Amino acid sequence: MLSDNFWRIIRIGLVGLVLAAAVAGLVLGDAWLWVAVEWSPPAYAGFYAPGGFDTPTTVTLLVAAPVKAALLWLILRAPAPGPLNRREKALRRLLYLAVAYALVLWYPIALLPDAVDAAFQLALWTAIDVLYLFVIRWRSRMLRAAAGAMFAVELAGMADELLDELDLPELGSGDIVALGLMLGGVAATVITVVGQRRDGRWSLGTQVAGWLSVGVYALTIPLNILLARISSGSLAMLVTMDAVGLVGTVWIAATARELPVEGRPADLPPARRRVPRVAVAAVAVLPIIALVHPEQTPHLTYTGWSMDCYDRPSFGDLKPAERDAAFLCRARNTDGGVPPMFPDSLSDQGVLAYGRALCRAKDRDEQEAILTRAGSARPAWGADPWDLVYVCPEIVGATHPELLRSTAETEAANTAYIAEENARCRDPWPRTKGVVQATAKYFLFADGDHGYLVHDPGDEAVGEAAERAIDKLYDDRTLIGVAGSAVLVGHVADVIDLCLTVKALRTAPPRRMTGWDQVNEVPIVSRSGRLTVPEMGEGGEVGAGAPMPNLAIAGKGRYRLRVYVRVNAGEEQHLVVVFPGASRKRLKVSFSAVNDRACSSSPSMGSTVQAASSAA
């Protein structure tokens with residue numbers, strides 16, 4: 001074992017380093033001050049305070065430095081001498097491992113997936129809690145059983161966190177369950193301190209550190225709820241909580257240090273056993289009492305910041321018992337700073353009742369009146385059927401049956417719809433086979449789209465080329481914008497989709513103009529050896545409904561792109577033929593007055609540029 005002098009040198013050196021680094025941080029900048037006081041990488045400072053520390057945060061860091069240095073002095077005290085049996089040695093090593101994790105190991109473990117951290121914590125504290133049951137001299141079977149129950153609740157909370165990280169079904173949902181598991185962890189600490197007092201090995205200072213750690217936990221619970229509602233100005237509070245949270249590490253280190261059995265007193269007299277028993281019974285019952293609310297108190301399972309509300313499952317993916325919870329999430333949703341449909345002061349039962357009333361509303365005005373009575377911050381918005389379907393599927397499903405589908409059913413329906421639309425399109429040149437070719441329905445942006453791109457997705461500047469092509473689209477009535485590696489082909493009719501056939505040939509085909517409203521030929525360049533048309537991505541609404549081939553059959557270089565367009569009975573059909581060619585001229589082979597209808601409007605450019613960027 002290391003000598004006391006060696007431990008004293010380590011303590012003096014580390015504590016002095018912390019204080020000196022804090023002073024140096026004032027000169028070197030915010031990042032170094034953060035490292036000196038918070039013992040974490042400087043990048044964390046930029047994350048929490050991108051614009052630098054304000055005065056309260058700087059003052060808090062300077063105050064926290066000596067406080068943490070003093071607590072570190074207590075943590076690094078040398079282990080007490082004395083014999084230890086096998087279980088006590090294992091417990092001491094695990095407790096010091098927990099101390100090392102709190103001080104140093106948390107950062108390298110944080111670089112691993114979150115599930116690894118959660119699994120490590122669960123394994124470590126499972127072993128510690130089991131050894132607590134055997135090493136601490138509880139002097140009472142009831143006390144040992146209560147300790148086992150509280151340890152089980154504490155470990156259940158850790159297991160729940162691990163299940164959440166693994167995206168597996170959790171032990172429970174809602175803030176009330178999370179609060180119960182957290183209070184179980186606090187109760188586990190309380191009962192451990194009671195056991196230390198009855199055992200007799202641990203000093204009064206260690207027990208005081210244990211009780212102080214309980215106070216820190218009790219303070220952390222409401223502060224976490226408060227900080228969840230504060231978007232800014234909370235960094236000083238976070239620094240304070242981190243500093244006082246080190247008290248728990250002091251208690252763990254002191255517990256490991258004072259494990260030797262020397263000086264253990266005799267059994268406590270019966271009269272002195274009653275007080276701890278009453279305290280233990282109270283601690284065991286407190287988490288249960290905390291879950292019980294008066295009848296008039298609003299029952300709030302989900303709030304606007306509940307973690308369980310981040311997932312948005314489809315109606316068909318949920319069991320009947322889960323649908324009310326899904327509606328509560330949507331009713332209190334605050335994504336993007338949007339006010340919730342119902343205030344947090346309204347109970348779950350009230351939200352569900354108002355939700356069902358909204359389902360029965362005859363029109364938007366009646367919905368507005370219902371939301372006004374409920375105290376909504378946005379009554380004029382009404383309620384959408386995709387939110388109400390969770391509380392009244394029989395009403396919403398009658399007019400919107402697609403909202404009752406599961407994710408798999410929705411994907412299957414979309415796939416079937418796209419396949420059906422693709423089948424409506426035919427190759428207008430069936431006898432002219434391309435080296436590569438494809439025919440599919442091209443879906444445009446529903447609110448207006450310029451058209452589709454033929455572009456080089458491997459070109460780093462494809463986004464800029466697409467924007468230039470949009471600017472050139474309306475230079476003349478051909479509605480074709482050319483910009484290097486991107487050609488934007490516009491639609492001439494007011495349509496939201498069109499039939500598109502693309503073919504790549506080794507030589508220029510004959511100019512077949514019969515039956516086409518316009519035929520134009522423009523240059524295009526491939527810098528990466530690829531030319532293609534954007535496809536409809538997963539969950540997307542814009543793009544070709546089938547895989548599009550690489551039209552740059554000769555590799556990198558210059559190509560010619562001939563576009564055939566015709567409109568028949570409101571349906572628009574395009575044929576795009578690509579072949580090698582060095583000419584940079586634009587040729588208007590054939591042109592019809594059908595384009596006059598399109599030149600008077602200029603749709604939104606967003607989806608076309610987005611399709612090019614996504615393909616790149």
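Small disclaimer: the values here were computed from a predicted structure and weren't measured.

J.: Quick rundown of the nonpolar core? Include the residues and the values.
T.: If you look at the biggest cluster of nonpolar residues, it comprises 47 residues, and the most contacted ones within it are L91, W125 and I128. Of all the secondary structure elements, the ones that give two or more residues to this core are α4 (55-75), α5 (86-110), α6 (114-135), α7 (141-165), α8 (175-199), α9 (204-229) and α11 (246-257). The dominant element in this core, judged by the number of residues it contributes, is α6, at 9 residues. When sequence neighbours within four positions are dropped, the list of residues in contact with L91 reads I128, L131, Y132, V135 and L259. Residues A438, Y442, V492 and V565 belong to the second largest nonpolar core, which totals 42 residues.

J.: Residue-level account of helix α15 (residues 364-374), with values.
T.: For α15, the complete set of buried residues consists of Q367, I370, L371 and A374. Buried residues of α15 fall within an arc of 95° about the axis and therefore sit on the same side. Among the exposed residues of α15, those oriented more than 90 degrees off its buried face are D365 and R373. Lining the buried residues of α15 we find α14 (348-360) and α16 (385-388). Once α15 ends, the next one or two residues include G375, with phi positive near 85°.

J.: An account of the sheet that holds strand β2 (residues 451-455) is needed here, citing residue identities and associated values.
T.: Ordered by their spatial adjacency, 3 strands build an open sheet running β2-β4-β3, and the pairing between neighbours is antiparallel. Both edges of this open sheet fall to β2 and β3 (480-483), since each of them pairs with a single strand only. Here the average twist between neighbouring strands, direction ignored, is 15°. Against the sheet, helix α19 (residues 462-472) touches β2, β3 and β4 (486-490), its axis set at about 140° to β3.

J.: Explain α4 to me, using residue names and the numbers behind them.
T.: For α4, spanning 21 residues, the distance from its first C-alpha to its last is 30 Å, which sits close to the expected 30 Å at 1.5 Å a residue. Its maximal kink placed at A64, α4 deviates by approximately 25°, while the proline P66 follows within four residues. Among all positions of α4, only T57, T58, T60, L61, A64, A65, K68, A69, L71, L72 and I75 are buried.

J.: Which residues make up a negative patch on the surface, and what are the values?
T.: Side chains of D114, E161, D164, E165, D167 and D311 sit close together on the surface and give a patch of like negative charge. The greatest single-element share of the negative patch, amounting to 3 residues, is contributed by α7. Summarising the element assignment, D164 is placed in helix α7.

J.: Would you mind going over the confidence of the model for the chain in detail, with residue names and values included?
T.: Averaged over every residue, the pLDDT of the chain is 80; residues scoring 70 or more account for 78%. Scored below 50 in pLDDT, residues 225-233 shows 6 contacts in the model against residues more than four places distant or in partner chains. The low-confidence segment residues 593-616, where pLDDT is below 50, has 45 contacts with residues more than four positions distant or belonging to other chains.

J.: I'd like to hear about the state of the cysteines, residue by residue, with values.
T.: Using the criterion set out here, one finds 2 disulfides in the structure. Note on cysteine connectivity: C359 is disulfide-linked to C392, with sulfurs 1.7 Å apart. Judged by the sign of its S-S torsion, about -70°, the bond between C359 and C392 is left-handed. Within this pair, whereas C359 is found in helix α14, its partner C392 is found in the loop between α16 and α17 (393-399), the two being separated by 33 residues in sequence. According to the relative accessible area criterion, C359 is buried, its value standing at 11%. On the basis of relative accessibility, which here comes to 2%, the residue C392 falls in the buried class.

J.: Which residues make up the packing of aromatic side chains, and what are the values?
T.: Following the criterion strictly, the structure yields 9 aromatic pairs and no others. Measuring from centroid to centroid gives 5.5 Å for Y442 and Y452, while their planes differ by 50°, and the two rings are tilted. Taken as a pair, Y442 in strand β1 (residues 436-443) and Y452 in strand β2 lie far apart in primary sequence, 10 residues in all. By the burial criterion, Y442 is buried, and Y452 matches it. In this structure an aromatic cluster arises from ring pairing among W429, W516 and Y564. Just above the ring of W429 sits the side chain of R512; from NZ or CZ to the centre is 4.7 Å. Against the face of W516 rests R566, its NZ or CZ located 4.0 Å from the ring centre.

Criteria and cut-off values
- Residues numbered from 1 in each chain as written.
- Predicted model: local features only at pLDDT ≥ 70, side-chain atom pairs only at ≥ 80, totals over all residues.
- Heavy atoms only, no water.
- Core = buried A, V, L, I, M, F, W, Y, C linked by side-chain atoms within 4.5 Å.
- Buried < 20%, exposed > 50% of the residue type's maximum accessible area, 1.4 Å probe, protein only.
- Helix = DSSP H or I, 4+ residues; strand = E, 2+ residues; numbered from the N terminus.
- Contact = heavy atoms within 4.5 Å.
- Arc of directions from axis to C-beta.
- Pairing = 2+ DSSP bridges.
- Axes fitted to C-alpha atoms, helices over the stretch in contact; angles between N-to-C directions.
- Expected span 1.5 Å × (residues − 1).
- Bend = angle between axes of the 7 residues up to and from the residue.
- Patch = residues over 30% accessible without salt bridge, like charges linked within 9 Å, V, L, I, M, F, W, Y side chains within 5 Å.
- Areas by Shrake-Rupley, 256 points an atom, 1.4 Å probe, with all protein chains shown as cover.
- Salt bridge = Lys/Arg side-chain N within 4 Å of Asp/Glu carboxyl O.
- Lys, Arg positive; Asp, Glu negative; His and termini not counted.
- Charge placed at Lys NZ, Arg CZ, Asp CG, Glu CD.
- pLDDT = per-residue confidence, 0-100.
- Disulfide = S-S within 2.5 Å.
- Phe/Tyr/Trp six-rings, centres within 6.5 Å; stacked < 30°, edge-to-face > 60°.
- Lys NZ or Arg CZ within 6 Å of the ring centre and 35° of its normal.

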